[in-house]
Amino acid sequence: MGRADDRRARQRGGRRAAPKNRSSRAETPPTSSEPASPAEATAPAATATATASAGGRAAARRGAKKGAKAERGRIRRMFTWKKVLGTFLGVSLLTIGAFIVLYMTTPIPAANAEAQLQSNVYKFSDGTLLARDGKLNRENVDLADVPKAVQRTFVAAENKSFYDDSGVDLRGTARGVLNTVMGRGAQGGSTITQQYVKNYYLTQEQTVTRKLKELVISLKLDQEESKEYILAGYINTSYYGRGAYGIQAAAQAYYRVDAAKLTVAQGAYLAALLQAPSQYDWNSATPLGKRLVTQRWNYVLNNMVEEKWLGQSERAGMKFPFPKEPKAAPGMQGQVGYLVDAANGELEKQLVAQGVAANSKEAEAMVNAGGWNITLNIDKKKQKALEASVKKQLTDKLDPKKRSVDADVQAGAASVDPKTGAVVAMYGGVDYVKHYINNATRADYQPASTFKPVILAAALDKDAKTQDGDEISANTVYDGTSKRPVKGSDIGFAPENEDERDYGDVTVQTAMNKSINSVFAQMGVDVGMDEVLKTAGDLGMNTKDLKAVPAQTLGTMGASPLQMAGVYATLDNHGRKVTPTLIKSAQNSAHSVQPADGVGEQVIDRKAADSVTSVLTGVVDDGTAKLSVRDNPLRKGQKVAGKTGTSDFNRSAWFTGYTPDLVTSVGLFGESAKPPHAQVPLTGATNGLKGDDGRVNGGTFPAEIWAGYTFGVSTKVSKFDLETDQGAAVQQSPSPSASPSHSEEPSKEPSSEPPSSSAPPKSPSPSASPSHSEEPSETPTTGEPSESPTTEEPPSTDEPVNPLDPQLGSGTGQ
């Protein structure tokens, strides 16, 4: 009998046969007709017990298997393909039904209130009116008045399938709904129809309800209106930047022509702008923004070639159409436009940071939709005083008709309360109508030696040591020889001091006073340039993408007066982060935006911050700002710390300084008055009224503007509350605390620290002149013998010459 027959026989018998491997080990139990043998009957009890135990375990295993099979059976019965399919169909029908109901009950609405736009109102901190931007720059045009090829640039940029699709992108909309539910913000994918519906009929809110309405209305609009109607609405309602709504206003704002006269290249630029209007405006864009808009422009034209709307040869011959310089809107003259633009930019950032807007483009649209009541932190009296100081100390002395270089001088300044972070005054330029770029917020010029305090702050905060193992402090001695190669760097670097001056061994205090490049280049390497840049970022500078190389010690990165005011305000605030904030409050009918927190966490140790402040008082009392600040007739005993800066080729000059209650950064920038407004030297401005060679240094006009403003509005005489035992603001030991470690022979230049102005010697000695003499001394006050002066006295000018300032020239350092 075969195996199959045997199996059927056992099944008919009602039981399974035991496995063969088991039957070989167990004997057939005795039957009634065959009794067991005596030996079998008397088997040991242990054998019986073991057999019973083994049988119990087997039974348990069989029970567990049966339970698992039963559970799997229940799951299979619960999730049969019929039930899964039925559930899916049920949910689908419910969704379709709900969508049909939504489609039937959602009409195409009238234009939203935001499409008509309201004015924004801007106020000073005391509530008085600063500006109202109520005039809307929009003029609708018929699509027929826009060249067909220009129309297609917008389709190529945003929605190549526009002429054939149903008006919606279901995948993009589903992704947008999911991102909204998950709180991930907005994501691209909307069609031109959907964008027009959002702009004209709905709002910019990121909600599921709004997105579903957008989908329904877009489908209806695509069914009821022509593609030409929708495209016309889209290009007439979109925001292009520069306050321009619609293609006609944009054509005038960027190219001074009507929409009918736009070229394809110009149309492609306007179409590219819609992705990020402010970021892509060529005249105010960062290098990154210029690169991105150029890529977007090429993308648009390449898509047109792909869709056969533009010939390849015509495309190859196109050049980027640089837009014309912007013109200010009416009522934005003077400083008003700068303040309004800066406030709008800060409000947009806060809308994104607080989740009201999903991205910068949406935030910009919300601000330009109007209806905002914005109060600034700008103090009306301080603002007026800052403008007056710039005029008196600088612009009244400029005469572009006599000296062409005078037309290239641009000034910018920002003033911050270090206890709150409030921006209390800002100077953006001579006139917003004449110079569109805000010099207070632009970050394309080098801060030069105003970066040196950041290096010292990093050294003190990190307890850094020199190459010889000495802890860095105000009294640490460094070799100040010009072009001395830095030690410990993988990258060769030997910076030149201003005028190639060799100082020999000097203390850190003296190096700060005289702005000695070689000392701070070595200090940066001693600390570690990665740590220096980290500290700079913590203090408020934009250090993203900067390379940690020794050359950064010269302040070769870009920075704005507003940024530098924030950095020094953090030092003034004992190391607690100060973020300059322009907006005091902002609200419209739908939203109330909280102002940015001006004071944050401790970013560097208090003692380190206070020590830097102490050192910076020496720059004012015995260094490069002595004449303009310490000896200024307006000073009434106010305690001051600060630093001058003059960049390579004299293209920028700075003074950033502070009292215990006010921080102000002033920058002068050489910008060619002729397009494309390249960076140019300031040398020769005012026909050399400052300095003996026509160079403009941080200790001249910038420091004088600072002093004229600060001493006029900050009349309170208070001392810095410093927790430090080093620096010029405290009693110093007459000799350095560390011996020179790099000097091979006596230097011919001053080699010891000048007496602190706050604690002068009780009587003059043959080797040191009093630092507060009433008339200029021909002998430096650095401890060197009088027969070995550090510099020749410059020719006399209208003001006394500082005998301690060997840096009355240009070049990076002062």
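Here the residue numbers are simple positions, counted from 1 along each chain's written sequence. Local features in a predicted model are, by the rule used here, given only for residues with pLDDT of at least 70; side-chain atom pairs are given and counted only at 80 or more, and totals for whole chains, interfaces and linings are based on all residues. Where side-chain values are given, they derive from all heavy atoms of the structure, hydrogens and water being excluded.

Asker: Quick question: what am I supposed to make of the overall build of the protein here?
Answerer: A run of H or I in DSSP counts as a helix once it spans at least four residues, and a run of E counts as a strand once it spans at least two, with each numbered from the N terminus. Regarding its fold elements, the protein presents 27 helices and 16 strands. Burial classification: accessible surface area is computed with a 1.4 Å probe over protein chains only, and a residue below 20% of its type maximum counts as buried, one above 50% as exposed, and the rest as partly exposed. Taken over 814 residues, the protein has a buried fraction of 50%. For this analysis, residues touch if any pair of their heavy atoms sits within 4.5 Å. Sequence separation of at least 24 residues holds for 72% of the intrachain contacts in the protein that already meet a minimum separation of 6. For every accessible area listed, the method is Shrake-Rupley and the probe measures 1.4 Å; residues are considered covered only by the protein chains on display. Element-wise, carbon and sulfur atoms account for 52% of the exposed surface of the protein, whose accessible area totals about 38,500 Å².

Asker: Mind showing me how you'd approach unusual backbone geometry here?
Answerer: In this structure, Pro-676 follows Pro-675 across a cis peptide bond, with omega equal to 5°. Here Pro-676 shows up in the loop between strand E16 (663-670) and helix H27 (701-713). Backbone geometry places His-677, a non-glycine residue, at a positive phi of 60°. Inspection of the secondary structure puts His-677 in the loop between E16 and H27. Overall, His-677 belongs to the partly exposed group, its relative accessible area being 25%.

Asker: Please explain helix H7 (residues 148-158) as it appears in this structure.
Answerer: Every α-helix carries 3.6 residues per turn, so stepping three or four residues along brings you back to the same face. With respect to burial, H7 is a largely interior element, eight of its eleven residues being buried. For H7, the set of buried residues is Val-150, Gln-151, Thr-153, Phe-154, Val-155, Ala-156, Ala-157 and Glu-158.

Asker: Just checking my understanding: could you explain the sheet that holds E16 for this structure?
Answerer: By definition, the strands of a sheet pair up through backbone hydrogen bonds, in either a parallel or an antiparallel sense. Think of it this way: DSSP has to see at least two bridges between two strands before they count as a pair. Across the sheet, which stays open at both edges, the five strands sit in the order E7-E6-E16-E15-E14 with antiparallel pairing between neighbours. The strands lining the two open edges of the sheet, one partner per strand, are strand E7 (423-427) and strand E14 (641-646). Pairs of neighbouring strands in the sheet enclose a mean axial angle of 5°, with direction left out of account. In terms of strand pairing, strand E6 (residues 409-416) meets E7 through four bridges, oriented antiparallel. Each residue of the ladder has a partner; that of Ala-414, found in E7, is Met-426. Contacts from helix H25 (residues 606-622) reach E14 and strand E15 (652-658), with the element oriented near 65° to E14. Between N-to-C directions, angles cover 0 to 180 degrees, with each direction set by a line fitted to C-alpha atoms, over the stretch in contact for helices.

Asker: Can you walk me through the sheet that holds strand E11 (residues 583-587) in this structure?
Answerer: Across the sheet, which stays open at both edges, the five strands sit in the order E2-E1-E5-E11-E12 with mixed pairing between neighbours. Every other strand in the sheet has two partners, leaving strand E2 (129-132) and strand E12 (592-593) as the edge strands with one partner each. Of the pairings in the sheet, the one linking strand E5 (residues 373-376) to E11 comprises four bridges and is antiparallel in character. Bridge assignment links Thr-375 to a residue of E11, and that residue is Ser-585.

Asker: Sorry, what's going on with the pairing of E5 here?
Answerer: Moving residue by residue along a regular strand, the side chains alternate between the two faces of the sheet. Judged from the three bridges that link them, strand E1 (residues 121-123) and E5 form a sheet pairing that is parallel. Paired with Lys-123 across the strands is Thr-375, a residue of E5.

Asker: Explanation requested: H27 in the structure shown.
Answerer: A helix is expected to span 1.5 Å multiplied by its residue count minus one. When the terminal C-alpha atoms of H27 are compared, their 18 Å separation across 13 residues agrees well with the 18 Å that a helix rising 1.5 Å per residue should span. With respect to burial, H27 is a largely interior element, ten of its 13 residues being buried. All of the buried residues along H27 are Phe-701, Pro-702, Ala-703, Glu-704, Ile-705, Trp-706, Ala-707, Tyr-709, Thr-710 and Phe-711.

Asker: It is not clear to me how the side chain of Ser-449 should be interpreted in this structure. Could you clarify?
Answerer: If you trace the backbone, Ser-449 turns up in the loop between E7 and helix H20 (452-461). Look at Ser-449 and you get buried, because its relative accessible area is 0%.

Asker: Can you help me understand the packing of helix H22 (residues 517-527) against helix H23 (residues 529-539) in this one?
Answerer: When two helices pack together, their arrangement is given by the angle between their axes and by how far apart the axes lie. Interhelical geometry of H22 versus H23 gives an angle of 95° and a closest axis separation of 5 Å. Classified by the interaxial angle, the pair formed by H22 and H23 is roughly perpendicular. Note on element contacts: H23 touches H22 through Met-529, Glu-531 and Val-532, opposite Gly-524, Val-525 and Val-527. Looking at the contact of H22 with H23 residue by residue, the classes come out as four nonpolar, one polar and one charged. Here the angle decides the label: under 35 degrees means roughly parallel, over 145 means roughly antiparallel, 65 to 115 means roughly perpendicular, and every other value means oblique. Gly is placed with the polar residues, together with every amino acid not listed as nonpolar (Ala, Val, Leu, Ile, Met, Phe, Trp, Tyr, Cys and Pro) or charged (Asp, Glu, Lys and Arg).

Asker: What is the right way to look at the nonpolar core in this model?
Answerer: Among soluble globular proteins, nonpolar side chains are generally buried collectively. What we call a nonpolar core is a set of buried Ala, Val, Leu, Ile, Met, Phe, Trp, Tyr and Cys residues that are connected through their side-chain atoms within 4.5 Å. With 113 residues, the main nonpolar core has Leu-347, Leu-351, Leu-376, Met-523, Met-541, Val-629 and Leu-668 as its most contacted residues. Sort the elements by how many residues they give to this core and helix H17 (residues 336-353) lands first, with eight residues. Here Leu-668 is in contact with Leu-394, Val-409, Gln-410, Ala-411, Arg-651, Ser-652, Ala-653, Leu-682, Val-696, Phe-701, Pro-702 and Ile-705, once residues within four sequence places are set aside. Among the nonpolar cores identified, the runner-up in size contains 53 residues, and Tyr-234, Ile-235, Tyr-255 and Phe-320 belong to it.

Asker: Hey, could you run me through the packing of helix H9 (residues 192-200) against helix H11 (residues 227-237) in this one?
Answerer: One can describe the packing of H9 onto H11 by two numbers: an axis separation of 9 Å at closest approach and a directional angle of 55°. Taken together, the axes of H9 and H11 lie oblique to each other. Here H9 and H11 pass one another in a crossing that is left-handed. For the pair H9 and H11, the contacting residues are Ile-192, Thr-193, Gln-195, Tyr-196, Asn-199 and Tyr-200 in the first and Tyr-229, Ile-230, Leu-231, Gly-233, Tyr-234 and Thr-237 in the second. Handedness of a crossing is defined here by the sense of rotation of the near helix relative to the far one, left-handed for an anticlockwise turn of less than a right angle and right-handed for a clockwise turn.

That is the geometry; function is a separate question.
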